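Structure assessment
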Amino acid sequence: MTRATLIYNPVAGRNPVRRQAEIRSVADVFRQAKVDLRVEPTTGPGSAQGLARSAATAGAEAVVVCGGDGTINEVVNGLALSACPLAILPGGTANIAARDLGLSLRPVVAARDLAHARTRRIALGRVTWGRSPGSVNGGTAGTLVSAGQPGQGPGATPKARYFLSVAGVGFDAYVVHHLGSNLKRDFGVTAYVWKAFEQLWRYGFPPFLCQSGDREWRGRMALVQRTERYAGWLHMSPGSSLLNPEMKLFLFQGANPWRYFFCCAALVLRRHLHLRDLRVVESWPLNCCAESAAKTIRVELDGEEAGELPATFELVPDALTLLLPEKLAG
């Protein structure tokens, strides 16, 4: 690697001043390695995707991203299905992808670890809105046209978005929707936990349907996992890894808010797979839609709000090239 672009979120984490100092140190690491590095700060939501796509088009030999899971998601969407490698330097709240890959959580150390990097092609999750794969239960709910996505009304071209680690449907995405960026920046995962507790009694847990082939499941909250961890430290999907071409749906079927306290405790104790109202599904593609068209059920991707049901979830093999330290590339 002799030419790369570093994209970073200047407001990620809890200390922007320290973040700027880290970025200067990271840039020094690459320049000492004789890498011609272009540094590009994001300017707002969505800008990282455009920066990544422009860098790949301009011939960058790698795109390096320093930020949280949301910024990484944007860069992934700018590089998906291209040949340009992505290197991750963690610098956000949960750092799910970095923890899953075993990367150092200190950006400067993670940059030094890339001195002898190797590439690894991995799969991505993809969510599509506006597709019409057929009905669920013989009704019209399976016509996947999302009113919550701009330009995706009837007859619109399907819109897709990739995710690297986790997609959430229902309550999880509802919490993300109500979690302000300032609260998340200042208090990290603690802010998510507090907001989840606050919103638990306000959310009605409306049911939705998930269909794959001739099989159908009903749920009230779902997590689609590419990684083992959820929220950075909860081991939701034991044995899963970004380096494996697989994806699992964890479908929670309980409607009582108190039940989710029990589910959370079981997850902390790593006993959640024994819950009677949890289903694990590995059939893709998976079409999901609200049981009632009058209910809004939100979707989040890698910790950022993305849209609403109905939507199709699928696994896309060989979709992204990761640049990893030699000891982790396998």
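What counts as what
- Residues numbered from 1 in each chain as written.
- Predicted model: local features only at pLDDT ≥ 70, side-chain atom pairs only at ≥ 80, totals over all residues.
- Heavy atoms only, no water.
- Helix = DSSP H or I, 4+ residues; strand = E, 2+ residues; numbered from the N terminus.
- Buried < 20%, exposed > 50% of the residue type's maximum accessible area, 1.4 Å probe, protein only.
- Contact = heavy atoms within 4.5 Å.
- Areas by Shrake-Rupley, 256 points an atom, 1.4 Å probe, with all protein chains shown as cover.
- Patch = residues over 30% accessible without salt bridge, like charges linked within 9 Å, V, L, I, M, F, W, Y side chains within 5 Å.
- Salt bridge = Lys/Arg side-chain N within 4 Å of Asp/Glu carboxyl O.
- Expected span 1.5 Å × (residues − 1).
- Arc of directions from axis to C-beta.
- Core = buried A, V, L, I, M, F, W, Y, C linked by side-chain atoms within 4.5 Å.
- Pairing = 2+ DSSP bridges.
- Axes fitted to C-alpha atoms, helices over the stretch in contact; angles between N-to-C directions.
- Phe/Tyr/Trp six-rings, centres within 6.5 Å; stacked < 30°, edge-to-face > 60°.

Examining the overall build of the protein chain
Within the protein chain one finds 10 helices and 18 strands. Residue burial in the protein chain is summarised as follows: out of 330 residues, 55% are buried. Put simply, 73% of the contacts in the protein chain that link residues at least 6 apart link residues at least 24 apart. Accessible area of the protein chain: about 14,600 Å², with a carbon and sulfur share of 51%.

Points about a nonpolar patch on the surface
A cluster of nonpolar side chains, contributed by Trp-194, Phe-197, Trp-201, Trp-258 and Phe-261, occupies part of the molecular surface with about 610 Å² of accessible area. Mapped onto the nonpolar patch, the elements with two or more residues apiece are helix H8 (189-200) and helix H9 (257-268). Inspection of the secondary structure assignment puts Trp-194 in helix H8.

What about helix H1 (residues 16-32)?
Taking 1.5 Å of rise per residue, the 17 residues of H1 would be expected to cover 24 Å, and the 24 Å separating its terminal C-alpha atoms lies within 8% of that figure. Taken together, the buried positions of H1 are Arg-19, Glu-22, Ile-23, Val-26, Ala-27, Val-29 and Phe-30. Projection of H1 onto a plane perpendicular to its axis shows the buried side chains occupying an angular sector of 155°, all on one side. Exposed residues pointing more than 90 degrees away from the buried face of H1 are listed as Val-17, Arg-18, Arg-24 and Gln-32. Contacts from the buried residues of H1 go to strand S1 (3-8), strand S2 (36-41), strand S3 (62-67), strand S4 (86-90) and helix H5 (107-113). Immediately downstream of H1, the backbone of Lys-34 shows phi near 65°, a positive value.

Some thoughts on the nonpolar core
The biggest cluster of nonpolar side chains holds 30 residues, and the ones touching the most others in it are Val-75, Leu-86, Ile-88, Leu-164 and Leu-320. Per element, the largest residue contribution to this core is five residues, and it comes from strand S18 (residues 311-325). By size, the runner-up hydrophobic cluster in this structure holds 28 residues, among which are Ala-191, Tyr-203, Tyr-230 and Tyr-260.

Looking at the sheet that holds strand S7 (residues 166-170)
The pairing of strands in a sheet comes from backbone hydrogen bonds and takes either a parallel or an antiparallel form. The strand order S14-S13-S10-S7-S16-S17 describes an open sheet built from six strands, whose pairing is antiparallel. In this open sheet, the two strands that pair with only one neighbour each are strand S14 (278-281) and strand S17 (304-308). Adjacent strand axes in the sheet meet at a mean angle of 20°, parallel and antiparallel pairs treated alike. With five bridges joining them, strand S10 (residues 221-225) and strand S13 (residues 248-252) adopt antiparallel strand pairing. Paired with Val-224 across the strands is Leu-249, a residue of S13.

Observations regarding the pattern of salt bridges
Pairing is possible between side chains of opposite charge, provided their charged atoms come close. All told, the structure shown has eight salt bridges when counted by the stated rule. Residue Arg-298 is joined to Glu-308 by a salt bridge in which the shortest nitrogen-to-oxygen separation is 4.0 Å. One end of the pair, Arg-298, is in strand S16 (residues 298-301); the other, Glu-308, is in strand S17, with 10 residues separating them in the sequence. For the pair formed by Arg-298 and Glu-308, the shared burial category is buried. A single network of salt bridges, built from pairs that share partners, joins Arg-298, Glu-305 and Glu-308.

Structural notes on the packing of aromatic side chains
Within a pair of aromatic rings, the relevant descriptors are the distance that separates the centres and the angle that separates the planes. Evaluated as defined, the whole model comprises 13 aromatic pairs. For the pair Phe-197 and Phe-261, a centre-to-centre distance of 5.9 Å together with 70° between the ring planes defines the contact as edge-to-face. Residue Phe-197 is located in helix H8, and its partner Phe-261 is located in helix H9; the two are separated by 64 residues in the primary sequence. Owing to a relative accessible area of 40%, Phe-197 belongs among the partly exposed residues under this scheme.

A word on the pairing of strand S9 (residues 215-219)
Alignment of strand S8 (residues 208-212) against S9, held across five bridges, turns out to be antiparallel. When the sheet's bridge partners are listed, Leu-209 is paired in S9 with Arg-218. Joining the antiparallel neighbours S8 and S9 is a turn of two residues, in which Gly-213 adopts a positive phi near 60°.

What is shown is where atoms sit, not what they do.
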